[in-house]
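Each chain is listed here by its residues.
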There are 2 protein chains.
Amino acid sequence: MTSRQYGGHTLYFKNSPKIISTGTVAGPKECFGIVGRFVDRPLTDDMFGEDTFEKAECKMLSTAIDTAINGAGLSRSQIDVLFSGDLLNQIISASFAARDFDIPFLGLYSACSTMSESMLLAAAMVNAGYARRAVAATGSHFASAERQYRYPLEQGTTRPPQSQWTVTGAGSCVIAGKGEGVSIVSGTIGRVVDFGVTDVNNMGAAMAPACADTLLCHFRDTGLSPDDYDMIISGDLGALGSRILKDLMWEKGFDISHNHVDCGEIIYDVIEDEFQGGSGAGCSAVVFNSYIMSKLNSGEFKKVLFAATGALLSTVSSGQGESIPCISHAVALKK
Amino acid sequence: MTSRQYGGHTLYFKNSPKIISTGTVAGPKECFGIVGRFVDRPLTDDMFGEDTFEKAECKMLSTAIDTAINGAGLSRSQIDVLFSGDLLNQIISASFAARDFDIPFLGLYSACSTMSESMLLAAAMVNAGYARRAVAATGSHFASAERQYRYPLEQGTTRPPQSQWTVTGAGSCVIAGKGEGVSIVSGTIGRVVDFGVTDVNNMGAAMAPACADTLLCHFRDTGLSPDDYDMIISGDLGALGSRILKDLMWEKGFDISHNHVDCGEIIYDVIEDEFQGGSGAGCSAVVFNSYIMSKLNSGEFKKVLFAATGALLSTVSSGQGESIPCISHAVALKK
């Protein structure tokens, strides 16, 4: 199929673009879990004062971006470019947020790996001197995703045990050439990997091979090993997907069992219908920009590899019998 | 609303990344028009041997990419990154094409402005030395767009006179640091502009202000004027949108009446239901990568500004009463 052993491509950021500020918003269910203490704007109502789920999602994303910009002591006009996308058809959350922000905007679609794709591109822009400051952001909403990808909530459809729960939340960070913060050292662009999984309720199993491919590419390109990182963080594989990832890495001679966590696996204290944990573009966006960044900023973690993961299916592609193509992009961070 | 007069941001590519090859595919209706003589792969059947419109669209995109790569005498493994997106929900044409290509992939969504967004990012990557060669590509299909955004074709819905016809076609180019070709000199990232148009059949009127905003930003940032370009090419404004663009530019003191063409306005010899002309991500992708590039390669055009235009609506946003946010990204080219 390919002449590449692992198909990614790694960029190096010698000028140390830095995350100088973050902003996060999360729903009430999400704030019961590990991120509750770290989120900037915990919500008590997942409608966030709006009259539709989609508008609530857009408002969460806008709030996360504004929080990050304000947290850096900046105004919107000081941001040169916004990289954002989301799960909704035609990324309306990102596009409508960008309309209000009036910041030069490059729209992305990479499903639940949007956080690391946007960070990688923002860091690349800043490192090359194209932009002084760039914002990376994404989010998701359980209810808007559920009705777009699956069934109306009112139907009360039973969820199978391999399923995950789409996170209601958004995360954003400001990446700048100057200032104090966590450096983005490199980024590995992933390729699309499809192991033939067709079960749309089993995203963890579908995405794990893409994540493994990108991690293996990153280690090959950089000459680093898992032990060079305090923590390797995958996006939203959930409990089952994380186990598959560890097994796939082990088979290739890389043991990540002691320093891997998955944002989807840790975001919920699983008590109800979340089963394998969280998913959605907001999952890794919230966990990374709140919990993980606080550990990096405090110096508890010094070197982190963050690989968000995305399943690139649509209801049409699944309906036409296609399997689920997946992707993962990684960024390496250093305090 | 903003502290920016015009909200874009211009990047300069000092190392002259070059378009070393292009590839285009277009449907039978499209090949009756001006692009017919220039398209690499004119189709006699818009199903392209596939059993669904979406699969035909994906195959057109793949074929355009392969044609561009092969035309440069390269293999897929020599491409460091593919930037692509399309109009379908979750950009399945681009994602499934990327699955088959096995090239590191960064997914974009910018509606019908995807061609210039992908070119801008590919040129930025190559210019900065992050990639030796990058591919930019997009496409669309009349039938897949029609049933996703509007009505089932079988319904035979009447189209109003302000409407445009989604182009069945795809275009792609290889951008490299070395080799012969047309240089990409700079790129202007647009901001989202929304003048409050809610008529989803009148995309040209909705998009024209975004195009004007990006052109004005480009002239302000670069110090150039319309007369510095042999041709200023907008994406898919159609006849009505093009007239609005010219008027908006005139109001700001920039006369583009003698050297502006719009890909949507010129792609069809309007004889049937195309009304204002072509639209869709494939419109500017096909016209630029076939007709315009042949004029640049022959030296007939020496300096060109290409600004594809996109309407960032979805059926959900329109259904919830929102107006149509639009965007345009520009790239400046020099033979």
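Notes on the structure in this doc start here. The shown structure was predicted, so the numbers you read here are calculated from the model rather than taken from an experiment. (Residues numbered from 1 in each chain as written. Chains lettered and ligands numbered in written order. Predicted model: local features only at pLDDT ≥ 70, side-chain atom pairs only at ≥ 80, totals over all residues. Heavy atoms only, no water.)

Here's the deal with the packing of aromatic side chains
- On inspection of all chains with the given rule, the structure shows 12 aromatic pairs over all chains.
- Look at F142(A) and W165(A): their rings are 3.9 Å apart centre to centre, the planes differ by 0°, and that puts the pair in the stacked class. With F142(A) in helix α5 (residues 142-149) and W165(A) in strand β7 (residues 165-166), this pair connects stretches of sequence that are 23 residues apart. Per residue, the accessibility class of F142(A) equals that of W165(A), and both read buried.
- Pairwise contacts between aromatic rings join F219(A), Y229(A) and F254(A) into one cluster.
- The side chain of K29(A) reaches across the aromatic face of W165(A), ending 4.1 Å from its centre.
- K59(B) extends its terminal NZ or CZ atom over the ring of F48(B), reaching a point 4.5 Å from the ring centre. (Phe/Tyr/Trp six-rings, centres within 6.5 Å; stacked < 30°, edge-to-face > 60°. Helix = DSSP H or I, 4+ residues; strand = E, 2+ residues; numbered from the N terminus. Buried < 20%, exposed > 50% of the residue type's maximum accessible area, 1.4 Å probe, protein only. Lys NZ or Arg CZ within 6 Å of the ring centre and 35° of its normal.)

Observations concerning the interface of chain A and chain B
- Facing the 66 residues of chain A at the interface are 66 residues of chain B.
- By the criterion of area lost to chain B, the three top residues of chain A are Q90(A), D102(A) and Y130(A), representing 16% of everything that side buries.
- In this assembly, chain A and chain B are joined by 6 salt bridges.
- Across the pair D194(B) and R99(A) runs a salt bridge, and its minimum N-O distance is 2.6 Å.
- Along the contact surface separating chain A from chain B lie 34 residue pairs in polar contact (both at pLDDT 80 or more). (Contact = heavy atoms within 4.5 Å. Buried area = accessible area lost by both parts, 1.4 Å probe. Salt bridge = Lys/Arg side-chain N within 4 Å of Asp/Glu carboxyl O. Polar contact = N/O pair within 3.5 Å; in protein donor to acceptor, adjacent residues only side chain to side chain.)

Observations concerning the side chain of S93(A)
- Its location among the elements puts S93(A) in helix α3 (residues 92-101).
- Contacts of S93(A), omitting those with residues within four sequence positions, involve E54(A), E57(A), C58(A), L61(A), D86(A) and L88(A).

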